[in-house]
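Residue strings, one per chain:
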Amino acid sequence: MKITNAEFIISAVGPAQYPDDGLPEIGLAGRSNVGKSSLINRMIMRKNLARTSSQPGKTQQLNYYRINEDIYFVDVPGYGYARVSKQQRAAWGRMIEAYFQDRDTLRLVLLVIDLRHPPTADDCTMYDWLTHYGVPVCVVATKADKISKNHWQKHIKQVRSTLGLRPDIPCVLFSAETGQGREELWDMIVKHTRLDENNEIDEEPGGNA
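Described in the following lines is the structure provided in the data block. None of the values given here were measured: they were computed from a predicted structure. (Residues numbered from 1 in each chain as written. Predicted model: local features only at pLDDT ≥ 70, side-chain atom pairs only at ≥ 80, totals over all residues. Heavy atoms only, no water.)

Once that is clear, we can look at the overall build of the chain. If you tally the helices and strands in the chain, you get five helices and seven strands. The N-to-C order of helical and strand elements in the chain reads β-β-α-β-β-α-β-α-β-α-β-α. By residue count, 50% of the 209 residues in the chain fall in the buried class. Taking as baseline every contact in the chain between residues at least 6 positions apart, the subset at least 24 positions apart corresponds to 76%. Total accessible area on the chain is roughly 10,500 Å²; 44% of this is exposed by carbon and sulfur atoms. (Helix = DSSP H or I, 4+ residues; strand = E, 2+ residues; numbered from the N terminus. Buried < 20%, exposed > 50% of the residue type's maximum accessible area, 1.4 Å probe, protein only. Contact = heavy atoms within 4.5 Å. Areas by Shrake-Rupley, 256 points an atom, 1.4 Å probe, with all protein chains shown as cover.)

A few words on the side chain of Thr 105. Within the fold, Thr 105 resides in the loop between helix H2 (86–102) and strand E5 (106–114). Among the polar contacts made by the side chain of Thr 105, one reaches the side chain of Arg 103 at a distance of 3.1 Å. (Polar contact = N/O pair within 3.5 Å; in protein donor to acceptor, adjacent residues only side chain to side chain.)

The next point concerns helix H1 (residues 36–44). Where burial is concerned, most of H1 is hidden: eight out of the nine residues are buried. Lys 36, Ser 37, Leu 39, Ile 40, Asn 41, Arg 42, Met 43 and Ile 44 are the residues of H1 that are buried. Two residues or fewer past H1, Met 45 is found with a positive phi of approximately 55°.

A few words now on the packing of H1 against helix H5 (residues 182–193). In the contact formed by H1 and H5, the axes pass within 10 Å of each other and the chain directions differ by 85°. Accordingly, the angle class assigned to the pair H1 and H5 is roughly perpendicular. Contact residues: Leu 39, Arg 42 and Met 43 in H1; Arg 182, Leu 185, Trp 186 and Ile 189 in H5. Here the contact of H1 with H5 is composed, by residue class, of five nonpolar, no polar and two charged. (Axes fitted to C-alpha atoms, helices over the stretch in contact; angles between N-to-C directions. Parallel < 35°, antiparallel > 145°, perpendicular 65-115°, else oblique. Nonpolar A, V, L, I, M, F, W, Y, C, P; charged D, E, K, R; others polar.)

This part takes up the pattern of salt bridges. Evaluated as defined, the whole model comprises eight salt bridges. Note that Asp 75 and Lys 36 form a salt bridge whose closest N and O atoms lie 2.5 Å from each other. With Asp 75 in strand E4 (residues 71–75) and Lys 36 in helix H1, this pair connects stretches of sequence that are 39 residues apart. A salt bridge links Arg 166 to Asp 168, with the shortest nitrogen-to-oxygen separation between them at 2.9 Å. According to the relative accessible area criterion, Arg 166 is partly exposed, its value standing at 38%. Shared partners join several salt bridges into a network, and the residues in it are Glu 7, Arg 66 and Glu 69. (Salt bridge = Lys/Arg side-chain N within 4 Å of Asp/Glu carboxyl O.)

This is the structure in structure tokens:
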């Protein structure tokens with residue numbers, strides 16, 4: 001897909017604020033500070049559209065990014081951050097569950113996992129919840145650049161085993177630093193959103209995330 005325009009639209013806290021234009025949406029789920037913002041920036045070849053932060057738990061709303069007037073990336077609050085109050089975690093949980101269950105335009109959820117470590121209990125819970133409710137999911141094992149290529153398959157096997165991934169659930173090896181897995185992930189998104197497969201992805205000069 002040729003990236004001609006990418007913009008932040010809104011930080012939404014409920015359905016009344018969600019866009020109503022009917023465009024397909026790709027949700028991004030994962031623990032706090034796993035690198036969802038960096039993934040978005042690499043996918044659209046922009047440096048700072050999605051704001052990255054060293055402070056876990058900073059994303060507290062559903063952040064909508066519109067790409068080419070064709071699709072939204074929706075960054076949801078990260079989970080597993082202990083310093084957030086129980087009440088706040090519960091509120092986020094209700095918001096996220098309602099979005100994943102009820103949003104008609106949601107086409108796919110990218111479950112972002114840190115390849116360097118086994119999936120956490122929260123990762124497993126999120127995967128089980130998504131598959132239980134029949135939400136299409138693709139696991140994205142990010143930070144692949146932090147591991148030797150010789151160990152990639154070992155870590156992918158660990159991710160699949162710990163999550164209990166079904167054979168039909170894809171797991172994409174990804175690096176926001178090198179772009180590893182970017183083309184494969186776009187192919188997955190095109191498949192689920194029925195965007196024009198003949199369009200080419202525009203590589204913006206100097207646009208590394």
